[in-house]
Amino acid sequence: MKPKLINSSIAPSLEWDNNPARDQTDALIAEILNAGSLEQVKAAALKLKAMSQPFLNWTGKAERLSFDVPTLPLFIHERLSTRAIIETVRGHKKGGDQLSFELFGDPQHSIVDQTLKAYEHRDEWVNRMMLGDSLTVMNSLLEYEGLGGQVQMIYIDPPYGVKFGSNFQPFVRKRDVKHNEDQDMTREPEMVKAYRDTWEMGLHSYLSYLRDRLVLARELLADSGSVFVQIGAENVHHVRELMDEIFSAENHCASITLVKTTGFTTSRLSEVYDVLLWYAKDAQNIKYRQLYQPKPIGAEGSGNYSYVELPDGSRRRLTAEEFTNPSSLPTGWRIFRISDISSQGESREPQPFEFEGKIYRPPANSHWKTTLEGLRKLVEQRRVIAVGQRLAYIRYADDFSISPINNVWADMGQSGFSDPKLYVVQTPAKVIQRCILMTTDPGDLVLDPTCGSGTTAYVAEQWGRRWITCDVSRVPLALARQRLLTATFPYYELKDSKRGPAGGFVYRRKQNKKGEEVGGIVPHITLKSIANNEKPEEEILVDRPETLQGITRVTGAFTFEATIPTPVQTEEQEQDETLETTGSFVDRLLEVLRKTPVLQLSGNRTVKFQSIRKLAKSLNLSAEATIGMDNGNESNGNGGTSSQSVAFVFGPENGQVIQRTVYQSAIEANAKNYSHLYVIGFAIEPNARELIENCEEVTGIPATYVQATPDLLMGDLLKNMRSSQIFSVCGLPDVGIQLEGDLYRATLYGLDVFDPVTMESDHRSGNDVPAWFLDTDYNGLCFHVCQAFFPKTGAWDGLKKALKNTHEDSVWGHLAGTISAPFEAGKYRQIAVKVIDDRGNELLVVKELPQ
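Cut-offs applied
Residues numbered from 1 in each chain as written. Predicted model: local features only at pLDDT ≥ 70, side-chain atom pairs only at ≥ 80, totals over all residues. Heavy atoms only, no water. Helix = DSSP H or I, 4+ residues; strand = E, 2+ residues; numbered from the N terminus. Buried < 20%, exposed > 50% of the residue type's maximum accessible area, 1.4 Å probe, protein only. Contact = heavy atoms within 4.5 Å. Areas by Shrake-Rupley, 256 points an atom, 1.4 Å probe, with all protein chains shown as cover. Pairing = 2+ DSSP bridges. Axes fitted to C-alpha atoms, helices over the stretch in contact; angles between N-to-C directions. Salt bridge = Lys/Arg side-chain N within 4 Å of Asp/Glu carboxyl O. Arc of directions from axis to C-beta. Expected span 1.5 Å × (residues − 1). Phe/Tyr/Trp six-rings, centres within 6.5 Å; stacked < 30°, edge-to-face > 60°. Parallel < 35°, antiparallel > 145°, perpendicular 65-115°, else oblique. Nonpolar A, V, L, I, M, F, W, Y, C, P; charged D, E, K, R; others polar. pLDDT = per-residue confidence, 0-100. Patch = residues over 30% accessible without salt bridge, like charges linked within 9 Å, V, L, I, M, F, W, Y side chains within 5 Å. Core = buried A, V, L, I, M, F, W, Y, C linked by side-chain atoms within 4.5 Å. Left-handed = near helix turned anticlockwise from the far one by under 90°.

**Concerning the overall build of the protein**
Each helix and strand in the protein was counted, giving 20 helices and 43 strands. The buried share of the protein, taken over its 851 residues, is 52%. Look at the contacts in the protein between residues 6 or more apart in sequence, and 69% of them connect residues 24 or more apart. A total of about 39,400 Å² of accessible surface is found on the protein, and carbon and sulfur atoms cover 48% of it.

**Topic: the sheet that holds strand S42 (residues 830–836)**
Reading across the sheet, the four strands line up as S41-S39-S42-S43 and stay open at both edges, with antiparallel pairing between neighbours. Here the strands that pair on one side only, and so sit at the sheet edges, are strand S41 (787–789) and strand S43 (842–848). The mean inter-strand angle of the sheet, taken between neighbouring strand axes irrespective of direction, is 15°. With three bridges joining them, strand S39 (residues 771–775) and S41 adopt antiparallel strand pairing. If you follow Phe773 over to S41, its bridge partner there is Ala788.

**Brief notes about the environment of Ile658**
Within the secondary structure, Ile658 is located in the loop between strand S32 (642–650) and helix H16 (659–671). The spatial distance from the C-alpha of Ile658 to the C-alpha of Glu685 is 5.7 Å, given a sequence separation of 27 residues.

**Some details on the pattern of salt bridges**
This model, assessed by the stated rule, comprises 30 salt bridges. Note that Asp441 is salt-bridged to Arg289, the shortest N-O span being 2.9 Å. Of this pair, Asp441 sits in the loop between helix H10 (429–439) and strand S22 (445–448) while Arg289 sits in the loop between strand S9 (271–280) and strand S10 (292–294), and the two are 152 residues apart along the sequence. The exposure class assigned to Asp441 is partly exposed, which follows from its relative accessible area of 22%. Assessed through its relative accessible area of 29%, Arg289 is described here as partly exposed. Each of Glu78, Arg481, Lys834 and Glu842 takes part in one network of salt bridges that share partners.

**Side note on helix H9 (residues 372–380)**
Within H9, the full set of buried residues consists of Gly374, Leu375 and Leu378. Buried residues of H9 fall within an arc of 105° about the axis and therefore sit on the same side. In the core, the buried residues of H9 are packed alongside strand S15 (353–355), strand S17 (366–368), strand S18 (384–387), strand S19 (390–396) and helix H13 (527–531). Of the residues flanking the end of H9, it is Arg382, one or two places downstream, whose phi is positive at about 60°.

**Considerations on H16**
A rise of 1.5 Å per residue sets the reference length of H16, with its 13 residues, at 18 Å; its end C-alpha atoms lie 19 Å apart and thus fit the reference within 8%. Every buried residue belonging to H16 is among Thr661, Val662, Ser665, Ala666, Glu668 and Ala669, and all of these are buried. Buried residues of H16, seen end-on, are gathered within an arc of 170° and therefore sit on one face of the element. In the stretch just after H16, Asn673 is the one whose phi turns positive, near 65°.

**Section: the packing of aromatic side chains**
Enumeration over the complete set of coordinates arrives at 21 aromatic pairs. Pairing Tyr458 with Phe489 gives two aromatic rings, centres 5.2 Å apart and planes at 55°, and the pair type is tilted. Residue Tyr458 is located in helix H11 (residues 455–462), and its partner Phe489 is located in strand S24 (residues 488–489); the two are separated by 31 residues in the primary sequence. Look at Phe773 and Phe790: their rings are 5.9 Å apart centre to centre, the planes differ by 75°, and that puts the pair in the edge-to-face class. With Phe773 in strand S39 and Phe790 in the loop between S41 and helix H19 (797–802), the pair connects residues that are 17 residues apart, well separated along the chain. Its relative accessible area of 1% is what places Phe773 among the buried residues.

**Comments concerning the sheet that holds strand S27 (residues 552–554)**
Read across the sheet, three strands follow the order S4-S27-S24 without closing on themselves; strand pairing throughout is mixed. This sheet does not close on itself; its edge strands, each paired only once, are strand S4 (116–117) and S24. In this sheet, S27 lies alongside S4 in parallel orientation, the contact comprising two bridges. Counted as the bridge partner of Leu116 is Thr552 from S27.

**Topic: the pairing of S18**
In this sheet, S19 lies alongside S18 in antiparallel orientation, the contact comprising four bridges. Residue pairing for S19: Ala386 is matched across the bridge by Leu391. From the end of S18 to the start of S19, which pair antiparallel, there are two residues, and Gly388 there has a positive phi angle of about 65°.

**Let's talk about the packing of H16 against helix H17 (residues 686–693)**
Each pair of packed helices can be summarised by the angle the axes make with each other and by the distance between the axes. Between H16 and H17, the least distance of the axes is 7 Å, while the angle of their chain directions is 25°. Taken together, the axes of H16 and H17 are roughly parallel relative to one another. On the side of H16, the interface is formed by Gln659, Val662 and Tyr663, while H17 contributes Asn687, Ala688, Leu691 and Ile692. Here the residues of the contact of H16 with H17 sort into five nonpolar, two polar and no charged.

**Notes on the confidence of the model for the protein**
Across the protein, the average pLDDT comes to 80, with 75% of residues at 70 or higher. Model confidence for the protein, summarised as mean pLDDT per element, is weakest for helix H5 (residues 189–201) at 37 and strongest for S22 at 98. Every residue in residues 631–640 is under pLDDT 50, and counting partners more than four places away or in other chains gives nine contacts.

**Quick look at unusual backbone geometry**
Positive phi outside glycine occurs at Asn365, with the angle close to 60°. A positive phi angle is found at Asn533, which is not glycine, with a value near 55°.

**Thoughts on the side chain of Ser529**
The residue Ser529 is located in helix H13 in this model. Judged by its relative accessible area of 7%, Ser529 is buried. In this structure Ser529 touches Glu534 and Pro536, once residues within four positions along its chain are discounted.

**Examining the pairing of S42**
One face of the sheet, then the other: side chains in a regular strand alternate in exactly this way. Most of S42 is tucked away, with seven of its seven residues classed as buried. A two-sided burial pattern is seen for S42, the buried positions comprising Gln830, Ala832, Lys834 and Ile836 on one face and Ile831, Val833 and Val835 on the other. For S39 and S42, the ladder comprises five bridges, and the chain directions are antiparallel. Paired with Asp775 across the bridge in S42 is Ala832. Relative to S43, S42 is paired through seven bridges, and the arrangement is antiparallel. Its bridge partner being in S43, Lys834 is matched across the sheet by Leu844.

**Things to note about a nonpolar patch on the surface**
On the surface, Tyr663, Ile667 and Val698 cluster together into a nonpolar patch covering about 260 Å² of accessible area. Here Val698 shows up in helix H18 (residues 695–699).

**Quick notes on the nonpolar core**
Membership of the largest hydrophobic core comes to 70 residues, with the highest contact counts inside it found for Phe228, Leu276, Trp409 and Phe773. At seven residues, H10 tops the list of elements feeding residues into this core. Sequence-distant contacts of Leu276, defined by excluding residues within four places in its chain, comprise Tyr155, Phe228, Val229, Gln230, Ala254, Ser255, Ile256, Leu258, Trp409, Val431 and Cys435. Counting residues in hydrophobic clusters, the runner-up holds 40 residues, among them Leu147, Leu214, Leu220 and Met243.

**Some words on the side chain of Thr563**
Relative to the helices and strands, Thr563 resides in the loop between strand S28 (558–562) and helix H14 (571–580). On the basis of relative accessibility, which here comes to 12%, the residue Thr563 falls in the buried class. Once residues within four sequence positions are removed from consideration, Thr563 is found in contact with Leu72, Pro73, Leu74, Phe75, Leu131 and Thr136.

**Section: the packing of H10 against H11**
Packing of H10 against H11 leaves a shortest axis separation of 9 Å and a crossing angle of 55°. One way to sum up the angle between H10 and H11 is to call them oblique. H10 and H11 meet at a crossing whose hand is right-handed. Contact with H10, carried on its side by Ala429, Ile432, Gln433 and Ile436, involves Thr455, Thr456, Val459 and Ala460 of H11 and no other residues of that element. Looking at the contact of H10 with H11 residue by residue, the classes come out as five nonpolar, three polar and no charged.

What follows is the structure in structure tokens.
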């Protein structure tokens, strides 16, 4: 049997199946004949009908009709909350009062300071941030945790095109990422899965990437749920066809145009928009909340509001200047338009009506919109005007000062309403805010499998929604974590504080001094309400809940989770780790090393691996190689490079490198006369990390820990590049502990990074790290962020502004510093310090407290 060739040069196409699969057709007919209810008959009939509909076909689709995704448990690595902020500022409160906060059910922390609050959700729900491939995480939520049918809204912001473009940020502080710049190239899977496939099958792989995730999204959605996919103009037609296939065309709700402030300049028209595709799981049951915007007087489409009524009752047309700038009108001037006062359909009886001494009748085949008595009431309210031979109704702009939004969102520019741009591709908060407010209620669950800078989590937190977000890269998660920990929000008044946000927000009608409606309840005055002397109907503006002044709201509790287990392992798990690093996984890592054999060091130095090969016989080691080390200058007496033999040990595919693996590998490497041991892993336990730093003293051979990105789990999607971000050498935090009476302080002196070129440690100051966290009583299982520090950033500006009247200015220097606030010894008498480096790597060190 000849293998089927895959030709990626053929474009995706819309096709019809003229000969539907006979077996599938027979099965559906049998399903209809044996159906026990009308609903089952309809479902099978729809499937049968769909077989004759056009469908999008692409290379590889037929070969991937089903896909296998591992169902992995999600392990909690960190617990984070406002307590991380509160604990660091409690000693800086004006007046010397102690500040504490109750989180995670800790009875020894009571809420004393009522100016800082966070929402708490029912059933002790804690929001979740996850490290892992979106497909694996979504499948785990569906199959392992049983969240199918419980997510109210999913927002997906996938890569827009199929080029290896500038939409991934490899460094925490580097935001000026340029297309095809070598130093900005990255191998982070969420982007690589879409773009590196391009190197193999282009758009075909991109569609497979989206299809797999959209299938899981459909299963996670509640029956009333919605999914939004943000996409560029380049591929929106293909994604629309794909979503029609998965969700069905009947469940397409809208294609929303997002107008951008700038676009890509071409030799033709510039493209200044993206598209937001909105689908419901079931359009008949969709949850929808109408959103409104201020009525755009003077803007496009508002030409009918071209008259004004002066305080003395006189009326005239607006001048051109007044029409384009209606805010210039004096207080008390009312803009209005003239509307038809009749409706189609002839009345059974004549309807003559006298107005200003003249008899008027409805036009032919029409009738008045109200009764004759109702017309008289309209006249009493000066709502009727004669226009030629007809009567008309006067509709003031402030009768209903708002208008429903449509599917063109032209006010989505980056500046003016959202946070500063933290990430090279960051969706404006207002876009996601509208999606959340349109399709969810407070307390509903929102999922974003493409976390990025955490905008969806940020907006969901602001509006009292529960949220889950994930990303496969550590860089965006580091940015999102910082953004959430330091964010401040308005405190929206709750209807029922016991139920939390799920009980809903409070809305009230309010007017400013000009009489303009500024509250969350707006009256809708209509011809009917005036004619019948009824109370006007009221519309609730879900984006205008009541805000309680004097309260600063901060992010509630959330966890940081991953498919990689936490450091502590049992003896059985240690044995499983050895098995996990054998076979195909080791072969894949070897292939990656051969394709990207250069390890970048500081100071423009590199280590290049050569002759990489798997060891024929070894108890612990995974591979060996020779290296050429270049320090940028003449590294030996002849001005060339030196070569040495080195050994590798690979950590587990879904776990952390443990101390025993490092020790046994180092003993074997030293016995076989290797010059250096490289330990490559996705994560590492603190004891193993410390052993690597002291490996030469303990075992006789120096060692270096190399952090690998989860990209390696993507198998054959890897491809050579001029430079690589797959592996990075990580430092070990240099931490000191000081005893001050009965209290302790922790100091981050910096990062020590072992340099295999010079065989010395390079020191980096603690003031030069993006972030570091402190757990003052580490239990060895889960890192509780008790204190949080963000040196050299403006992360605290929002909180600084909110707390300027209650806390000393010195606190902000402290929060950006390297010395912790004092703390007491806890139950476990050990602390843990976690440092986030520029690549988002998490570097953990554990220290016992001195007696």
